Amino acid sequence: MATASFPYKRRLSDQSIDAALTTVAYKEIIAAPALPRKKEIALAGADFTTEIEEQRFNIRVAGTENCITSASMLVQKMYATRGYPANPVKGGRMKFTLIASQFDQVVGTVTLELDAGDGLAADQIYQENIDQLRGEGRLVCELTKLAIDHRACSKYIFGGLLHMAFIYANRIYQYTDVVMEVVPHHTNYYVKMLDCEIIGVEKLNPRVNFPVSLLRLNGAHVDEMIQFYGGLGKQANTRTLYAYFFSKIDEEGIMQRLLRGY
């Protein structure tokens, strides 16, 4: 696995594209122009390490069963603390689990599933809503199994995981919209902190026997918010979670390094 190191600084007026990462280690990632949307692509091996306000963590695609198991354990642990049921994290075609690690411990995870003609998990109860987006020519993907260890630097890790999912979904695969099934207690948080739109009324999810609502994120809006707030962190005069995403320059630096790494 090739490894390259770069100095990392938070936004600070976005001095240079080299401010993107502390470490990038890549194995096999396919460049966006040559990437067929419906074909399964191996992205395991991407590993991003960054240091933010003395909080060091890395984010990578879970490429082994051990990593998937670690992600499952975190999801089940954190969901249980809130009384929510959780099924194990599973791999699959066009499904990528991102894990954030700190001091060799998995402290955050989210799974990105791309709609490649086989449907999404949310289609089970919200197919009509998702089909409406598809009918408008939107390319839809889904985020599931999101969990952050409350002992970690949660906002930065949360923002980093979501931003990496956005880079894979939107910048690499060109998917336009993200949907999420969210329990009622968390719906307002996602609406306020990420500007999610509620597109599916509350229903019982039979997979976990718990009520959920369907939220949507428009990729163009996410891109705009990253442009405006990304990288500002605590300096941002806003509560939006986008302040804890990478800056747009950081994002472009990540993309350039990915595209040069084949």
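In short, a report on the structure. Just so you know, these numbers come straight off a predicted model, no measurement behind them.

1. A closer look at the overall build of the chain
For the chain, the helix and strand inventory stands at six helices and 10 strands. With 262 residues in all, the chain has 53% of them scored as buried. Counting only contacts in the chain whose residues sit at least 6 apart along the sequence, the fraction spanning at least 24 positions is 65%. Carbon and sulfur atoms make up 49% of the accessible area of the chain, which amounts to about 12,300 Å² in all.

2. Brief notes about the pattern of salt bridges
One pass over the structure, following the stated rule, counts 11 salt bridges. R134 serves as the salt-bridge partner of D115, at 2.6 Å between the closest nitrogen and oxygen. With D115 in the loop between β6 (105–114) and α2 (123–135) and R134 in helix α2, the pair connects residues that are 19 residues apart, well separated along the chain. Between E251 and K248 there is a salt bridge, and its shortest N-O distance comes to 2.8 Å. Of the two residues, E251 and K248 both sit in helix α6 (residues 248–259), three residues apart, roughly one turn of that helix. One salt-bridge network, held together by shared partners, links R171, D223, K248, E251 and E252.

3. Topic: the packing of aromatic side chains
Scanning the entire structure with this criterion turns up eight aromatic pairs. Between Y242 and F245 the ring centres are 5.0 Å apart and the planes differ by 50°, which places this aromatic pair in the tilted class. Of the two residues, Y242 and F245, both sit in the buried class. Joined through ring pairs, the aromatic side chains of F158, Y189 and Y190 make up one cluster.

4. Remarks on the pairing of strand β7 (residues 140–148)
For β7, the tally of buried residues reaches eight of nine residues, placing the bulk of the element in the interior. The sheet contact formed by β6 and β7 spans six bridges and is antiparallel. Bridge pairing links G108 to I148 in β7. Relative to strand β8 (residues 177–182), β7 is paired through three bridges, and the arrangement is parallel.

5. So, the environment of D177
Along the polypeptide, D177 turns up in strand β8. For D177, a relative accessible area of 1% corresponds to the buried category. For D177 and L139, which are 38 residues apart along the polypeptide, the C-alpha to C-alpha distance reads 6.2 Å. In this structure, D177 is in contact with R138, L139, V140, C141, R216, L217, N218 and G219, ignoring residues within four places of it in sequence. Within polar-contact distance, the side chain of D177 engages the side chain of T176 at 2.6 Å. Among the polar contacts listed, one links the side chain of D177 to the side chain of R216, at a separation of 2.7 Å.

6. Notes on the packing of helix α3 (residues 154–172) against helix α5 (residues 219–229)
In contact at an axis separation of 12 Å, α3 and α5 are set at 130° when each is read in the N-to-C sense. Considering their axes alone, α3 and α5 lie oblique with respect to each other. Like other packed secondary-structure pairs, α3 and α5 cross with a definite hand, here left-handed. On the side of α3, the interface is formed by H163, F166 and N170, while α5 contributes G219, V222, D223 and I226. For the contact of α3 with α5, the per-class residue count stands at three nonpolar, three polar and one charged.

7. Details of helix α4 (residues 184–194)
Among the residues of α4, T187, Y190, M193 and L194 are the ones counted as buried. For α4, the angular spread of buried residues about the axis comes to 160°, placing them on one side. Exposed residues lying more than 90 degrees from the buried face of α4 are H185, N188 and K192. If you follow the buried residues of α4, they end up packed against β7, α3, β8, β9 (197–205) and β10 (210–218). Just beyond α4, the residue with positive phi is D195, at close to 65°.

Conventions used here
- Residues numbered from 1 in each chain as written.
- Predicted model: local features only at pLDDT ≥ 70, side-chain atom pairs only at ≥ 80, totals over all residues.
- Heavy atoms only, no water.
- Helix = DSSP H or I, 4+ residues; strand = E, 2+ residues; numbered from the N terminus.
- Buried < 20%, exposed > 50% of the residue type's maximum accessible area, 1.4 Å probe, protein only.
- Contact = heavy atoms within 4.5 Å.
- Areas by Shrake-Rupley, 256 points an atom, 1.4 Å probe, with all protein chains shown as cover.
- Salt bridge = Lys/Arg side-chain N within 4 Å of Asp/Glu carboxyl O.
- Phe/Tyr/Trp six-rings, centres within 6.5 Å; stacked < 30°, edge-to-face > 60°.
- Pairing = 2+ DSSP bridges.
- Polar contact = N/O pair within 3.5 Å; in protein donor to acceptor, adjacent residues only side chain to side chain.
- Axes fitted to C-alpha atoms, helices over the stretch in contact; angles between N-to-C directions.
- Parallel < 35°, antiparallel > 145°, perpendicular 65-115°, else oblique.
- Left-handed = near helix turned anticlockwise from the far one by under 90°.
- Nonpolar A, V, L, I, M, F, W, Y, C, P; charged D, E, K, R; others polar.
- Arc of directions from axis to C-beta.

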